[in-house]
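Results of the structural survey
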Amino acid sequence: MKAKELRQKTIKELQELLQEKRKRLSQLEFDLSSKKLKNTREIREVKKDIARVLTILKVKDIESKNIRSKQK
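Residues numbered from 1 in each chain as written. Predicted model: local features only at pLDDT ≥ 70, side-chain atom pairs only at ≥ 80, totals over all residues. Heavy atoms only, no water.

**Observations concerning the overall build of the protein chain**
Rules: Only DSSP runs of H or I reaching four residues or more are called helices, and only runs of E reaching two or more are called strands; each is numbered from the N terminus. Throughout, radius of gyration means the C-alpha value; the globule benchmark is 2.2 Å times the number of residues raised to the power 0.38.
When you go through the protein chain residue by residue, the secondary structure sums to three helices and zero strands. Start at the N end of the protein chain and walk to the C end: the helices and strands fall as α-α-α. Here the protein chain has a C-alpha radius of gyration of 16 Å; the compact-globule value for 72 residues is 11 Å, and the former is much larger. Dimensions along the principal axes, computed over C-alpha positions, put the protein chain at roughly 55 × 20 × 15 Å.

Structural data, given as structure tokens:
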């Protein structure tokens with residue numbers, strides 16, 4: 001998923017997406033350990049997606065704090 005697409009999502013949508021990606025990562029790691037996983041590159045992609053989502057969430061949190069502090 002591209003960062004541009006993630007920036008357009010709400011915080012709630014991002015948190016749900018993060019939860020889904022973490023479940024997917026857990027499943028992929030389990031499949032890898034049981035030698036069922038064929039495409040190991042998918043683990044790397046999911047980890048990067050998780051990092052992107054966390055980064056966007058952090059940016060949105062900082063932006064909302066800046067807006068609140070300017071209103072005071």
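There's plenty left to go through after this.
**What about unusual backbone geometry?**
Under the convention used in this document: Only protein chains enter the accessibility calculation, which uses a 1.4 Å probe; a residue is then buried when its area is under 20% of its type maximum, exposed when over 50%, and partly exposed in between.
Even without a glycine there, the phi angle at Lys 35 is positive, about 60 degrees. Assessed through its relative accessible area of 75%, Lys 35 is described here as exposed.

**Quick notes on the pattern of salt bridges**
Selection criterion: Here a salt bridge means any side-chain nitrogen of Lys or Arg lying within 4 Å of a carboxyl oxygen belonging to Asp or Glu.
Per the counting criterion, the structure on display carries four salt bridges. With its nearest N and O atoms 2.7 Å apart, the salt bridge here joins Arg 52 to Asp 49. Taken as a pair, Arg 52 and Asp 49 lie in helix α3 (residues 41–71) at a separation of three residues, close to a single helical turn. Overall, Arg 52 belongs to the partly exposed group, its relative accessible area being 32%. Of the residues examined, Asp 49 reaches a relative accessible area of 9% and is grouped as buried. Salt-bridge contacts for Asp 61 lead to Lys 65; the nearest nitrogen and oxygen are separated by 3.6 Å. Of the two residues, Asp 61 and Lys 65 are both situated in helix α3; the distance of four residues between them amounts to about one turn of the helix.

**Let's talk about the environment of Lys 47**
The test is simple: Every residue pair with non-hydrogen atoms within 4.5 Å of one another is taken to be in contact.
Considering the arrangement of structural elements, one finds Lys 47 in helix α3. Remark: the alpha-carbon pair of Lys 47 and Leu 25, spanning 22 residues in sequence, is separated by 7.2 Å. Beyond its immediate sequence surroundings of up to four residues, Lys 47 is in contact with Leu 25 and Glu 29.

**Focus on the side chain of Asp 31**
Stated formally: Neither His nor the chain ends is counted toward charge; the positive residues are Lys and Arg and the negative residues Asp and Glu.
Tracing the backbone through its elements, the reader meets Asp 31 in helix α2 (residues 11–33). Comment: no salt bridge for buried Asp 31; closest opposite-charge side chain is Arg 24, at 5.2 Å. Apart from the residues lying within four places of it in its own chain, the contact partners of Asp 31 are Lys 36 and Leu 37.

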